[in-house]
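Spelled out from the first residue to the last, the chains are:
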Amino acid sequence: MTTTLDEAFSIDHLLTDEERGWRDRARAFAAERIRPVIEQDFEDKHFRRELVAELGALGVLGMHLKDEGCAGAGAVSYGLVCHELEAADSGWRTFVSVQGSLAMSAISTFGSDEQKAEWLPPMARGERIGCFALTEPDGGSDPAAMRTRARRDGDDWVITGTKRWIGLAALADVAVVWAATDDGVRGFVVPTATPGFAATAIDGKLSMRASVQCDVVLEEVRVPGSAMLPGARGLSGPFSCLNEARYGIVWGAMGAARDCLEVSIARATTREVFGRPIGATQLIQEKLANMLVEYEKGMLLALHLGRLKEAGRLTPTQISVGKLNSVREALAIAREARTILGGDGITSAFPVMRHMANLESVRTYEGTDEIHTLVLGRALTGLAAFA
């Protein structure tokens, strides 16, 4: 008798009916709308914009927010959706993260009532796409060195600078732009049709090929004073949004790991060498057992962090533990899966190399391994070693 991954640690029994419902709907959507086309989309560098409205109809865009038009779902439900989408492809979990955890969260948390009313309902429906313009070409790990500036000109703000690796910017209707001012770092809600705003998709990527990341140039972009996010002052604003996205990654990376593990189990029980399935050998069983242990540990950690978040007790340090562990172990599982698949593992007949390539991006964005390591080191010693 075989044991499914959902049954191994009985995680299903730790979830509520509502949480299982969100998970099952996201899993069905991924199976019906993403998996049949993702290998070709990855090959063709194609982002299926038509799925955005479908994700809106599913209710997953900004689903953790309680604003008008948003589902107001719990943190675990949101994590499970991220898990299921990334099991299909990291690019689609990334879209949901950028739209909901970054752009929508920034407007929800720091925006005026007028900004929330204008943007959040259509973004939740997938009728408008948002992006989050924080990272700059000279390095994303030190946003305090931001060169993009916003200056006052009468009642307006004029923004000038460059951003890089901005997800969805070339498709977006609105950008949350972070810029240095005489009063510290501030956020601005900038319609992308504003003169001087230009976004160009980055080509030549070997990862996240079914997603869109961009260079952004802001050349004397003039916005009214009402474009500023009134509740965000300093880097604590964008950092709080990044923590929302990092939380989704804790769950999402384990989705990619699950897909790799499931493919490995299927291959091990059907591929025969020397007259028997390769899964009947001790070496392959050891690989699968080790992969299962790390996957289940990652899922239990994600669930624990989700419960802490719902109780209002989740800290940035704990999120760093989750992000560092989930992505690191997902990559290790993907690499081990490739060895079980043999030479076929490097082909698009299996999702493992695609997951592995995507996870290299996930490992880098929302805080590299090194940055999260230093966050934990500071928490343990009380000493900062970032510079």
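Residues numbered from 1 in each chain as written. Predicted model: local features only at pLDDT ≥ 70, side-chain atom pairs only at ≥ 80, totals over all residues. Heavy atoms only, no water.

An unreviewed UniProt entry lists the protein chain under the name glutaryl-CoA dehydrogenase (ETF), from Leifsonia virtsii. Taken from UniProt, the Cofactor (unreviewed entry) comment for the protein chain reads in full: "FAD". According to the UniProt record, the Catalytic activity (unreviewed entry) comment for the protein chain reads "glutaryl-CoA + oxidized [electron-transfer flavoprotein] + 2 H(+) = (2E)-butenoyl-CoA + reduced [electron-transfer flavoprotein] + CO2". (UniProt positions renumbered as here; feature names shortened; annotations may be inferred.)

> How should I be thinking about the overall build of the protein chain in this particular structure?
For the protein chain, the helix and strand inventory stands at 11 helices and nine strands. Its C-alpha atoms give the protein chain a radius of gyration of 21 Å, within 12% of the compact-globule value 21 Å for 387 residues. Considering only C-alpha atoms, the protein chain reaches an extent of 80 × 45 × 40 Å along its principal axes. Here the protein chain holds 387 residues, and 54% of them are scored as buried. Put simply, of all contacts in the protein chain between residues at least 6 apart along the chain, 75% involve residues at least 24 apart. Surface exposure of the protein chain reaches about 16,600 Å², of which carbon and sulfur atoms provide 53%. (Helix = DSSP H or I, 4+ residues; strand = E, 2+ residues; numbered from the N terminus. Rg over C-alpha atoms; globule rule 2.2 N^0.38 Å. Buried < 20%, exposed > 50% of the residue type's maximum accessible area, 1.4 Å probe, protein only. Contact = heavy atoms within 4.5 Å. Areas by Shrake-Rupley, 256 points an atom, 1.4 Å probe, with all protein chains shown as cover.)

> Any chance you could explain the state of the cysteines here in plain terms?
Counted by the stated rule, this structure contains zero disulfides. No disulfide involves cysteine 131; its sulfur sits 7.8 Å from the nearest other cysteine sulfur, which is in cysteine 214. By relative accessible area, cysteine 131 is classed as buried at 1%. Cysteine cysteine 260 is unpaired, with the sulfur of cysteine 82 as its nearest cysteine sulfur at 18 Å. With a relative accessible area of 0%, cysteine 260 lands in the buried category. (Disulfide = S-S within 2.5 Å.)

> Just to check I follow, could you spell out the pairing of strand β2 (residues 149-153) for this structure?
Consecutive side chains along a regular strand alternate between the two faces of the sheet. Two elements, β2 and strand β3 (residues 156-167), share five bridges in a ladder whose sense is antiparallel. Bridged to arginine 149 within β3 is threonine 160. Between β2 and β3, which follow one another and run antiparallel, lie two residues, and glycine 154 among them has a positive phi close to 65°. (Pairing = 2+ DSSP bridges.)

> So what exactly am I meant to see when it comes to unusual backbone geometry here?
One can expect most non-glycine residues to show negative phi and most peptide bonds to be in trans. Despite not being glycine, tryptophan 165 shows a phi value in the positive range, around 60°. Looking at the element boundaries, tryptophan 165 is found in strand β3. A residue is classified by how much of its surface remains accessible, and tryptophan 165, at 46% relative accessible area, is partly exposed.

> Before we go on, may I ask you to explain a nonpolar patch on the surface in this structure?
Where nonpolar side chains cluster on the molecular surface, the patch consists of Phe9, Leu14 and Leu300 and spans about 260 Å² of accessible area. Within the fold, leucine 300 resides in helix α8 (residues 282-310). Owing to a relative accessible area of 32%, leucine 300 belongs among the partly exposed residues under this scheme. (Patch = residues over 30% accessible without salt bridge, like charges linked within 9 Å, V, L, I, M, F, W, Y side chains within 5 Å. Salt bridge = Lys/Arg side-chain N within 4 Å of Asp/Glu carboxyl O.)

> How should I be thinking about the UniProt feature "domain: Acyl-CoA dehydrogenase/oxidase N-terminal" (unreviewed entry) in the protein chain in this particular structure?
The UniProt record annotates "domain: Acyl-CoA dehydrogenase/oxidase N-terminal" (unreviewed entry) at residues 16-127. In this annotation, residues 16-127 is assigned 75% helix and 0% strand; the end-to-end C-alpha distance for the span is 30 Å.

> It is not clear to me how the environment of aspartate 12 should be interpreted in this structure. Could you clarify?
Among the secondary structure elements, aspartate 12 is positioned in the loop between α1 (5-8) and α2 (17-44). Residue class for aspartate 12 comes out partly exposed when judged on its relative accessible area of 22%. Each C-alpha atom, one on aspartate 12 and one on leucine 283, is 29 Å from the other, the two residues being 271 residues apart in sequence. Look past the residues within four positions of aspartate 12 in its chain and what remains in contact with it is Asp6, Arg20 and Arg23.

> Would you take a moment to explain the nonpolar core for this structure?
Across soluble globular proteins, nonpolar side chains have a tendency to be buried as a group. Counting 118 residues, the largest nonpolar core has Leu55, Phe95, Ile159 and Trp178 as the members making the most contacts within it. Sorting elements by how many residues they give to this core places helix α7 (residues 236-270) first, with 15 residues. Filtering out sequence-adjacent residues up to four positions away, phenylalanine 95 remains in contact with Phe47, Val52, Leu55, Leu61, Ile129 and Leu168. (Core = buried A, V, L, I, M, F, W, Y, C linked by side-chain atoms within 4.5 Å.)

> It is not clear to me how the packing of α2 against helix α4 (residues 75-88) should be interpreted in this structure. Could you clarify?
In a pair of packed helices, the angle between the axes and the distance between the axes together describe the arrangement. Where α2 contacts α4, the two axes come as close as 8 Å, and the packing angle between them is 20°. Considering the angle they form, α2 stands roughly parallel to α4. Between α2 and α4 lies a crossing of right-handed hand. Only Val76, Ser77, Leu80, Val81, Glu84, Leu85, Ala87 and Ala88 of α4 make contact with α2, whose side of the interface consists of Glu18, Glu19, Trp22, Arg23, Ala26, Arg27, Phe29, Ala30, Ile34, Arg35 and Ile38. (Axes fitted to C-alpha atoms, helices over the stretch in contact; angles between N-to-C directions. Parallel < 35°, antiparallel > 145°, perpendicular 65-115°, else oblique. Left-handed = near helix turned anticlockwise from the far one by under 90°.)

> Explain helix α11 (residues 369-381) to me, please; I cannot follow it from the model alone.
Along an α-helix, residues three or four apart share an orientation, since each turn contains 3.6 residues. Between its terminal C-alpha atoms α11 stretches 18 Å, which fits the 18 Å expected from 13 residues at 1.5 Å a residue. Taken together, the buried residues of α11 touch α7, α9 (316-341) and α10 (352-364). Among the residues trailing α11, glycine 382 stands out with phi positive, at a value near 80°. (Expected span 1.5 Å × (residues − 1).)

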